[in-house]
Amino acid sequence: MASGARQYIRNVLHHTDPPAPVEARFFYTSPNIIDDALSPVPPPATGKVAANQPPKPFSEYDNTALDKAWHELRRKILRYQEEHGEKSVPAEGSRARADSRGVQGDRRGSGSKPAGGRTSLARLAASSLNQVDGPSAIDTDVPADNGPRSAAEASILPDTTGTPFIRAPSAKNVSQVTAQKPARPRPQAHDTYTWEDASHLMEHSPLPEDRRKEETPRTSVPVGVSRLHKVDMPELVMEPIYWTPIHDTAYVVRGTWFYQDTMLPVESDVANMLEVGYVELQVWTETWKDELSSAVEVGAAGEMKIVHNLWPEKAPRLPESRPTSRRGVPEDLLRTATFNLVEANETPEQQRAKAVDAACDIIDISSGAGGSDNKAAGKSTYGRQGAARAYPQHGVIYANEREARILQPNLLPSTYYGRRPFAGYIRKGHKLGIPVVRGFDQAVWDKLYPSKHTKKAEKADAGVASSASGAPPKRRRRTDPDLAKADRPTVSDLVLVIHGIGQQLSHRMESFHFTHAMNTFRRDVNVEVGTDQVKAHFRKDMGGIMVLPVNWRHALSLHDGGESDGVEEEASAKDFTMKDITPDTLPSVRAIVRDVFSDVPYYMSHHQPKMIAGVIREANRVYQLWCQNNPGFADTGRVHLIGHSLGSVMAIDILSRQPTTIPDHLADPTKLDLSVDIDHFLFNTSNLFLAGSPAGFFLLLKKAQLRPRLDHASATADADPASNNLSVCGEREQYGCLPVDNIYNIINGYDPVSYRMNAAVDRSFAASLKKAWIPTTALGWFGGAGGSGWFAGSGNSNTSSTPKAPLLPRLPSNVEMEIHNFTLEEIAEKRMYLLNDNGQIDYFVRYGGGPLEIQYLTMLGAHSSYWLLKDFTRMIVAEVGREMGREGTLPGMRAVKKPLARMKDV
């Protein structure tokens, strides 16, 4: 053998039985304040969320898929390393490695060597999957048994263990070899370049950079009940699929050891050290049971021998001949394997990182290339009592093949103090130290955290819908309990939500992030879809509803001043920026005002085309990705838009230029190249909902009117073909002429930004309509059934008084009959019904109120309140799901005219 270390590991590999596969469980966690992104149930309306949240487990169905993908990826990496001779993977082929504490690994080109010690030695996902980014640095960081070797001698030593997936400790000491290197590196094939610098090989590489990236084995797994998130492997990071993450990226942990009292995963590094002790002591064998019995008989001295140090101590020298235990395996396996890795002047954290790296190698050897991966992986941000810990001075006693206790120094066995923790406490089942268990126990978890079967949760479970990523929803419903209760798992209606102003503020203030509001709104939609009153009025072919955000602002960089996009202009004395004109007083307030309101003047400037293009590009990207993951949706599904604030104005701008129908060559978005600029949406819009919209003001500024689109096919237009003419309809490129089936303008009376839009169709006809209120779902002050106004009677009354007998209407006088222009009224009415089956556009939503209300304080939160209002959510669901055409309208949403005696301006 080349070295004692190699012989030592081979002894372990060939003379021990493998441990049982561990029941691993994947968890996800985030240091930021985010809710449970994978749950179909909305979070509680009250209560604060802790900043450092405990990790949440993936469902059993998702965990099975994740663990299967993890092992498949591991085999691909092993096969890749065999095919490439275990050479290091090019840095361009994978992301930077991150250890279990999130430390970025060094990036190395193919064939390069680290300049000094290894930077990233603890395993996260990539290193746990056997060195995706290169060979283990154990080969280069171990000192020789018989003194330093030269670089030439070291280069001829074998650097593998005979197994295709692991690197053995080497016999050379890189620190000593490096010290003996000459000032200049040894010349290679090109003597003008150093071996550490592979940049000169890039332009001569036979494969393009994109091809090299594809070589590195990697995968992603869709997760969550709605399949809106994915877990990237081997990085073990969970990200949303359809929107760009900003603050909603979560770390994923593959747990193997768990705290017994909480069933939360033990920190990844600690779990791997527990597992390597489990392997070294062979706790699963009958021999270990005999040793435990012997320790009890001998006393404190015997119990001291069954203690395993969680972290190894550095030995003064590595002997060639090692004592063996009664199990036939050399004693202190991890200490031997890590001795030569530790160098002088290293911090305890660096030493522990190298110990974890060696532990992962030993765990891999113990299970074999084709065996189960028993390593923990992922960045741990949460520990047993909140903060992640390493337990640097602790010891471990393995009580049996599944349970262990982590003991601090003053609890360890001692002959001096007569302490016998195993015989006196652990064996009797008494509490002592930190109890941990190997493998996840779902039954214990369900007992510790019983699910709350509330009515709201039942409705959300029934109304949840899912993307077809991974498997079609109907097929997945048979085996996935989280989707088994869904009435309509397949999505038939996609709702894209365009945000308005203020998203720049979300980069500094988490609570303002739009996607968090959309996550809550989506789950509120699930509740409404699962409500019996609502789903009873759905159309026959109605499926599920999926709400996705269109985060257009994060990708735009709007320059200060008047610079043109993409053009570098030389700075001159007359150039100035926002910073130059901003006073230094009230910096925090000015920053908030700038982040929230600057989008409005930007939109009124030369930046408007860039902002509109950003909305189109992001909406098309989301729609294309959705169609790729849901084959056939482009042919059978419907798309709806919700525009909030400035987003509603941009939606009208875009739809005014939108083709009446999508051309045939653009009908299949999955085959299109979105890198080519497209000036319109790739989908036909069924319903357009405007919330908190100043669009009425913009129509007034441009002296435009709302018009239905000529030749636009809709149920109402098909029922009245005579209305398809230019006296009623408008044409493309005419501002305010929209190719939609229905347009709704939802107004919060306390929102100072929102304006009415009925008058933009016809002023006189708008004056003849009663003020329309969205029917309320809430109970009145003195009881009474809520939501009855939706499906029976009118919901347009602002009061809920006892119904009275209707009064006989006053007949119009002859003068009124003579001066009334019925032709114009008929045209206005046709336009209104072509724009909305209900005969009106404006709907007010109830907000605030009460005897202690202060209107100016209520106003402050009104503009962002729409996503939290149940009446607004039910309106969206009911109007999206109802039958199309005037016959499918709900009584509470239909327009009601004022009595003739009260009409004005007629």
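Residues numbered from 1 in each chain as written. Predicted model: local features only at pLDDT ≥ 70, side-chain atom pairs only at ≥ 80, totals over all residues. Heavy atoms only, no water.

### Concerning the environment of Ile434
Here's step 1: Turning to its location among the elements, Ile434 is positioned in strand S11 (residues 434-438).
Here's step 2: Leaving out residues up to four positions away in the same chain, Ile434 has contacts with Tyr259, Arg384, Tyr391, Ala404, Arg405 and Ile406. (Helix = DSSP H or I, 4+ residues; strand = E, 2+ residues; numbered from the N terminus. Contact = heavy atoms within 4.5 Å.)

### Description of the pattern of salt bridges
Here's step 1: In this structure the tally under the stated criterion is 29 salt bridges.
Here's step 2: Across the pair Asp480 and Arg476 runs a salt bridge, and its minimum N-O distance is 2.7 Å.
Here's step 3: Classification of Asp480 as buried rests on a relative accessible area of 2%.
Here's step 4: Of the charged contacts in the structure, one is a salt bridge between Lys671 and Asp668, with a shortest N-O distance of 3.9 Å.
Here's step 5: Residue classification places Lys671 among the exposed residues on the basis of a relative accessible area of 71%.
Here's step 6: Within this structure, Arg74, Asp364, Asp373 and Lys375 form a network of salt bridges that share partners. (Salt bridge = Lys/Arg side-chain N within 4 Å of Asp/Glu carboxyl O. Buried < 20%, exposed > 50% of the residue type's maximum accessible area, 1.4 Å probe, protein only.)

### Describing the nonpolar core
Here's step 1: Residues Leu496, Leu548, Phe681, Leu688, Leu706, Ile743 and Met757 are the most contacted members of the largest nonpolar core, which totals 62 residues.
Here's step 2: If one sorts the elements of this core by residue count, helix H22 (residues 608-629) sits on top with nine residues.
Here's step 3: When near neighbours in sequence (up to four residues on either side) are disregarded, Met757 contacts Ile652, Leu690, Ala695, Gly696, Leu699, Leu706, Ile743, Asn745, Ile841 and Asp842.
Here's step 4: If you look at the next biggest cluster of nonpolar residues, it comprises 40 residues, including Leu281, Val356, Ile363 and Leu407. (Core = buried A, V, L, I, M, F, W, Y, C linked by side-chain atoms within 4.5 Å.)

### Structural notes on the packing of helix H17 (residues 514-529) against helix H32 (residues 870-881)
Here's step 1: At a minimum axis separation of 9 Å, H17 and H32 run at an interaxial angle of 65°. It follows from the interaxial angle that H17 and H32 lie roughly perpendicular. Along this stretch, H17 crosses H32, giving a crossing that reads as right-handed. Each of Phe521, Asp524, Val525, Glu528 and Val529 in H17 lies in contact with H32, whose residues at this interface are Lys870, Phe872, Thr873, Arg874, Ile876 and Val877.
Here's step 2: The residue makeup of the contact of H17 with H32, split by class, is six nonpolar, one polar and four charged. (Axes fitted to C-alpha atoms, helices over the stretch in contact; angles between N-to-C directions. Parallel < 35°, antiparallel > 145°, perpendicular 65-115°, else oblique. Left-handed = near helix turned anticlockwise from the far one by under 90°. Nonpolar A, V, L, I, M, F, W, Y, C, P; charged D, E, K, R; others polar.)

### Comments concerning the sheet that holds strand S7 (residues 257-259)
Here's step 1: On the basis of which strands lie adjacent, the open sheet formed by five strands has the order S7-S11-S10-S9-S8 and antiparallel pairing. Either end of the sheet is taken by a strand with one partner, and the two such strands are S7 and strand S8 (308-309).
Here's step 2: Pairing of S8 with strand S9 (residues 395-398), which is carried by two bridges, proceeds in the antiparallel orientation. Counterpart to Asn309 in the pairing with S9 is Gly395. (Pairing = 2+ DSSP bridges.)

### What about the packing of helix H14 (residues 455-463) against H17?
Here's step 1: It is the contact of H14 with H17, at a shortest axis distance of 6 Å, that shows an interaxial angle of 90°. Viewed along their axes, H14 and H17 adopt a mutual orientation that is roughly perpendicular. Contacts between H14 and H17 involve Lys456, Lys459, Ala460 and Gly463 on the former and, on the latter, Asp524, Asn526, Val527 and Val529.
Here's step 2: Residue composition of the contact of H14 with H17, by class: three nonpolar, two polar and three charged.

### Notes on the packing of aromatic side chains
Here's step 1: Applying the stated criterion to the full structure yields 27 aromatic pairs.
Here's step 2: Between the aromatic rings of Tyr242 and Trp626, the centroid separation amounts to 5.5 Å while the plane-to-plane angle is 50°, which identifies the pairing as tilted. Separated by 384 residues along the polypeptide, Tyr242 in the loop between strand S5 (237-240) and strand S6 (250-255) and Trp626 in helix H22 bring together distant segments of the chain.
Here's step 3: Three or more aromatic residues link up through ring pairs in this structure, and these residues are Phe27, Phe258, Phe440, Trp445 and Tyr449.
Here's step 4: The aromatic ring of Tyr833 is capped on one face by Arg886, whose charged end is 3.6 Å from the ring centroid. (Phe/Tyr/Trp six-rings, centres within 6.5 Å; stacked < 30°, edge-to-face > 60°. Lys NZ or Arg CZ within 6 Å of the ring centre and 35° of its normal.)

Note that every value here comes from positions in space, so none of it alone points to a role or purpose.
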